[in-house]
Amino acid sequence: MACDVLQTADGATKTALSRRYAAQWFAARDAGDPVEIGRGAPPLRPARPEKPELLDPRDVPRRKPGSVEGRQAILHAVAHIELNAVDLHWDLIARFGHIEMPLGFYDDWVKAADEESNHFNLICACLEEQGSHYGALPAHAGMWRAAEDTSDDIMGRLAVVPMVLEARGLDVTPGMIQIFKSAKDADTVAALEVIYSEEVAHVAYGSKWFHFLCGRENLDPKPLFHKLVQRYFRSPLKPPFNEEKRADAGLPPDFYWPLAEARS
């Protein structure tokens, strides 16, 4: 299932497949049916649609959020992030299937992939309401680098993707919501509020399973987290941090503040 999603290029088709497989998974789990995890051979990079054009982050045009074009650019960037998140969660399932994990691990990441699929569709609908669509603008080419860098390190993947990249979403989404409130765009505000509320759980899944693996290997989570982020993320974490939502997700300040202060 995971590899099938990863090998599907079109965003709408990918997310429909993702949601269908998630429904199948949870139907089996609710029925108490035996499930087999199996082994997959995920591609190093997931299939992608021809558009958007992927650019170096420095080359992606910046637009002022006060304009219609600026708000479309924000939504396009969010849609790109959410589509990458769909693949990141299914890749986590497929790539590390050789590591014995409780079924709850799969429950969490299938649920996260399902929710990210819904997020992508919500934002695409907002774009279409504004006369645009996903693929109309260039997008960030670096989104998948964290997955490639951690392709053989499950703890590195958990540290960098949910506990750094998705946690960053908790920091910036309230500001985005305010931009669309100021523009009196109630539909986009509602979509972003869904994303904001559900992303807390995705960060929490990362923290939960990172700590689980640390406990199983008798490792101290905090210094290991710092080491892995410095190895794979390669840039300082950017305050201000949403400390309340990060705490809700199981990320205490002494996990992330030293990475901002020591490397700024």
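Let me sum up the structure you'll find in this document.

Points about the pattern of salt bridges
Scanning the model with the defined rule gives 15 salt bridges in all. Across the pair Asp-149 and Arg-234 runs a salt bridge whose closest N-O atoms are separated by 3.0 Å. Separated by 85 residues along the polypeptide, Asp-149 in helix α5 (residues 145-149) and Arg-234 in the loop between α8 (221-232) and α9 (243-248) bring together distant segments of the chain. The class for Asp-149 is partly exposed, based on a relative accessible area of 22%. Accessibility expressed as a relative area gives 46% for Arg-234, which makes it partly exposed.

Let's talk about the layout of surface pockets
Counted as a void, the second largest pocket has a volume near 300 Å³. Forming the boundary of the second largest pocket are 16 residues, of which Met-1, Ala-2, Glu-36, Ile-37 and Ile-93 lie nearest the centre. Broken down by element, the residue count for the lining of the second largest pocket peaks at three residues, all from helix α3 (residues 68-95). Here the lining of the second largest pocket is composed, by residue class, of eleven nonpolar, three polar and two charged.

Re the packing of α3 against helix α4 (residues 103-129)
Helix packing geometry: the angle between the two helix axes and the distance between the axes. Contact pair α3 / α4: the axes reach a minimum separation of 8 Å and the direction vectors enclose 160 degrees. Here α3 lies roughly antiparallel to α4, going by the angle between them. Both α3 and α4 take part in a crossing whose hand is left-handed. For the contact of α3 with α4, the per-class residue count stands at 19 nonpolar, five polar and two charged.

The rules behind these values
- Residues numbered from 1 in each chain as written.
- Predicted model: local features only at pLDDT ≥ 70, side-chain atom pairs only at ≥ 80, totals over all residues.
- Heavy atoms only, no water.
- Salt bridge = Lys/Arg side-chain N within 4 Å of Asp/Glu carboxyl O.
- Helix = DSSP H or I, 4+ residues; strand = E, 2+ residues; numbered from the N terminus.
- Buried < 20%, exposed > 50% of the residue type's maximum accessible area, 1.4 Å probe, protein only.
- 1 Å grid on protein atoms, 1.4 Å probe; cavity = no way out; pocket = protein on both sides within 12 Å on 5 of 7 lines; lining within 4 Å.
- Points joined across faces, edges and corners; volume = space filled by probe spheres on them.
- Nonpolar A, V, L, I, M, F, W, Y, C, P; charged D, E, K, R; others polar.
- Axes fitted to C-alpha atoms, helices over the stretch in contact; angles between N-to-C directions.
- Parallel < 35°, antiparallel > 145°, perpendicular 65-115°, else oblique.
- Left-handed = near helix turned anticlockwise from the far one by under 90°.

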